[in-house]
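Letter by letter, the chains look like this.
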Amino acid sequence: MVFPTAERKLAPRQVAGGSYNKAERSLPLKRNTLVITAVLFILATFAWAGWANYEYRKQAAERLAASAAQGMLAPDAAGGAPQYVTPLKGKPAPAFTLEDLSGRKVSLASYRGKAVLINFWATWCAPCKIETPWLIELRNQYAAQGFEILGISADDIDRGDPQKLSDEKKAIARFVEQMHMPYPVLIDGDALSKPYGGLDELPASFFVDRKGAVVAAQVGLTSKDEIEANIKKALGN
Amino acid sequence: MFEMKTKIRVAIAVTFGMAVLLAQGQADSAGRSILKGAAVEYLYPEQVTVVAGRPSTVAFHFRIAPGLHINSHTPREDYLIPTTFSIPEGAGVRLEEASYPAGTEMTLPIDPSTKLNVYTGEFAIQVRIVAAAGNHLVEAKLRFQACDKSACMPPKTIPVAIDVIGK
């Protein structure tokens, strides 16, 4: 009476072809799946960690590059207001070629031999509007000594939309006309943001000597006297 | 065998999906850190419940970083960029009217003749909205242009996230 039961229990162990039945093979299969999932998860985690690390390092390198070009305020030795110190000081001014309002290309290189004030401004910037008459007076005063200003508008330029581009150019032209700016005004200054240290604040001015090196820089509204002193430095007076 | 392959594929898909989600979370948190030191910060509310289909007024509160100001909605000069609040179309919530606070008159120390009308510190914009029935995650926008006493930052648009429940 016992044997038939034992046989019945053993019988399902073998099926045609010698393979295991469903109930018995499901356990090792489940274990395999779990192991494979765990291994894949670990691999994926490593891959993700590697990718995240790469992204982090890339961003850190970009931040470092940006901060290397970015100036900072430093205390004035004479006890006056803090002075803007740029890492570009003593180095060649980053080269550029931009369009003026008529579409003519103007490059900084074509002003080699002159002292140049590169002045970043925007139509929406109230301090820029205050500063502009001073710049015009100083430009007219020192032009005979070989001094020129390049006004660079940081207003947004939408080259993908001809109508918007035209409106934006008109707004800049209106400002130039109202202020009677006699010097070249170039557009799309945002393109120079990186080489000139971010341009997070306007107005920003870089004073370049006759050899093309940056001798001083200012960010924010200072005073006509300070601008004049930096123009004299650029002229080598 | 086929069953086994399917399981492996599912396992790969699940692990890959988890890795992508983790990576996205990491990227989002890195992106948010850029907003540190923002000129204007949205304060509250994060969620409002209004009567569906009827106009309701909600006050949106903002804070400007110390030492900075932004142009009011009605700056004194045409060339200055006004502060504006907007809600994109198709969000399930319609902006009927925005009522901006009056700005404060201000002059720059270096040139008292330049008159500005600005917001400083905290301010609130009263917005009349009409929401459809349901839960709407709205990303409104605040556009402004900030300056301190001597320099200006480029105009900026910040997201104003709010959960609007229309009942």
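Here is what the cut-offs are and how they apply
Residues numbered from 1 in each chain as written. Chains lettered and ligands numbered in written order. Predicted model: local features only at pLDDT ≥ 70, side-chain atom pairs only at ≥ 80, totals over all residues. Helix = DSSP H or I, 4+ residues; strand = E, 2+ residues; numbered from the N terminus. Buried ≥ 20, exposed ≤ 12 C-beta atoms within 10 Å, placed from the backbone. Contact = placed C-beta atoms within 7 Å. Core = buried A, V, L, I, M, F, W, Y, C linked by C-beta atoms within 7 Å. Pairing = 2+ DSSP bridges. Expected span 1.5 Å × (residues − 1). Bend = angle between axes of the 7 residues up to and from the residue. Axes fitted to C-alpha atoms, helices over the stretch in contact; angles between N-to-C directions. Arc of directions from axis to C-beta. Left-handed = near helix turned anticlockwise from the far one by under 90°. Nonpolar A, V, L, I, M, F, W, Y, C, P; charged D, E, K, R; others polar.

## Some words on the overall build of chain A
Across its full length, chain A holds 5 helices and 9 strands. Expressed as a percentage of its 237 residues, the buried residues of chain A come to 29%. Excluding contacts between residues fewer than 6 apart, the proportion of contacts in chain A whose partners are at least 24 apart in sequence is 70%.

## So, unusual backbone geometry
All names here are of chain A. Along the chain, L202 connects to P203 via a cis peptide bond; the corresponding omega equals 0°. Its location among the elements puts P203 in the loop between strand 7 (185-186) and strand 8 (204-208). Despite not being glycine, H180 has its phi angle at roughly 55°, a positive value. For L199, which is not glycine, the phi torsion reads 50° and is therefore positive. Within the element layout of this structure, L199 appears in the loop between strand 7 and strand 8. Look at L199 and you get buried, because 22 C-beta atoms sit within 10 Å.

## Section: the nonpolar core
Core analysis: the largest hydrophobic core is formed by 70 residues, its most contacted members being L202, F206, F207 and V208 of chain A. Every residue in contact with L202 of chain A, bar those within four places of it in the chain, is listed here: F120, W121, A122, C125, C128 and A154 of chain A together with A151 and C152 of chain B.

## Points about the pairing of strand 7 (residues 104-108) of chain B
All names here are of chain B. Two strands pair when backbone bridges link them, and strand 7 and strand 8 (residues 111-119) are joined in this way by 5 bridges, in the antiparallel orientation. Residue M106 lies in a different strand from strand 8, and its bridge partner there is L116. Hairpin connection, strand 7 to strand 8: the antiparallel pair is bridged by 2 residues.

## Structural notes on helix 3 (residues 126-142) of chain A
Residues that lie three or four places apart on an α-helix share one face, since the helix turns once every 3.6 residues. If you check helix 3 of chain A, its first and last C-alpha atoms are 25 Å apart, about what 17 residues at 1.5 Å a residue would give, namely 24 Å. The sharpest bend along helix 3 of chain A reaches about 30° and sits at T132 of chain A, with the proline P133 of chain A one to four residues further on.

## With respect to the sheet that holds strand 5 (residues 115-121) of chain A
All names here are of chain A. In spatial order, the strands read 7-6-5-8-9; together these 5 strands make up an open sheet with mixed pairing. Of all strands in the sheet, those with a lone pairing partner are strand 7 and strand 9 (214-219), marking the two edges. Relative to strand 7, strand 6 (residues 147-153) is paired through 2 bridges, and the arrangement is parallel. Its bridge partner being in strand 7, I152 is matched across the sheet by L186. Sheet strands in contact with helix 5 (residues 224-235) are strand 5, strand 6, strand 8 and strand 9, and its direction is about 165° off that of strand 9.

## Describing the sheet that holds strand 7 of chain B
Here 4 strands make up an open sheet; going across it, the order is 7-8-4-11 (chain B) and the pairing antiparallel. Looking along the sheet, the strands with just one partner apiece sit at the ends: strand 7 and strand 11 (146-147) of chain B. Sheet analysis places strand 4 (residues 69-71) of chain B next to strand 11 of chain B, joined by 2 bridges and oriented antiparallel. Its bridge partner lying in strand 11 of chain B, I70 of chain B is registered against A146 of chain B. Packed on one face of the sheet, helix 3 of chain A meets strand 7, strand 8 and strand 11 of chain B and runs near 170° to strand 8 of chain B.

## Remarks on helix 5 of chain A
Residues and elements named next belong to chain A. Over its 12 residues, helix 5 extends 16 Å from the first C-alpha to the last, a length consistent with the 16 Å expected when each residue adds 1.5 Å. Along helix 5, the residues that are buried comprise I227, N230, I231 and A234. The buried residues of helix 5 occupy one face: seen down the axis, they fall within an arc of 105°. Tucked into the core, helix 5 has its buried residues touching strand 5, helix 3, strand 6, strand 8 and strand 9. Just downstream of helix 5, G236 is the residue with a positive phi angle, here 80°.

## With respect to the packing of helix 3 of chain A against helix 5 of chain A
All names here are of chain A. As a packed pair, helix 3 and helix 5 sit with axes 10 Å apart at the nearest point and diverge in direction by 35°. The hand of the helix 3/helix 5 crossing is right-handed. Note on element contacts: helix 5 touches helix 3 through K224, I227, E228, I231 and L235, opposite W134, L138 and Y142. Class assignment of the residues belonging to the contact of helix 3 with helix 5 gives a composition of 6 nonpolar, no polar and 2 charged.

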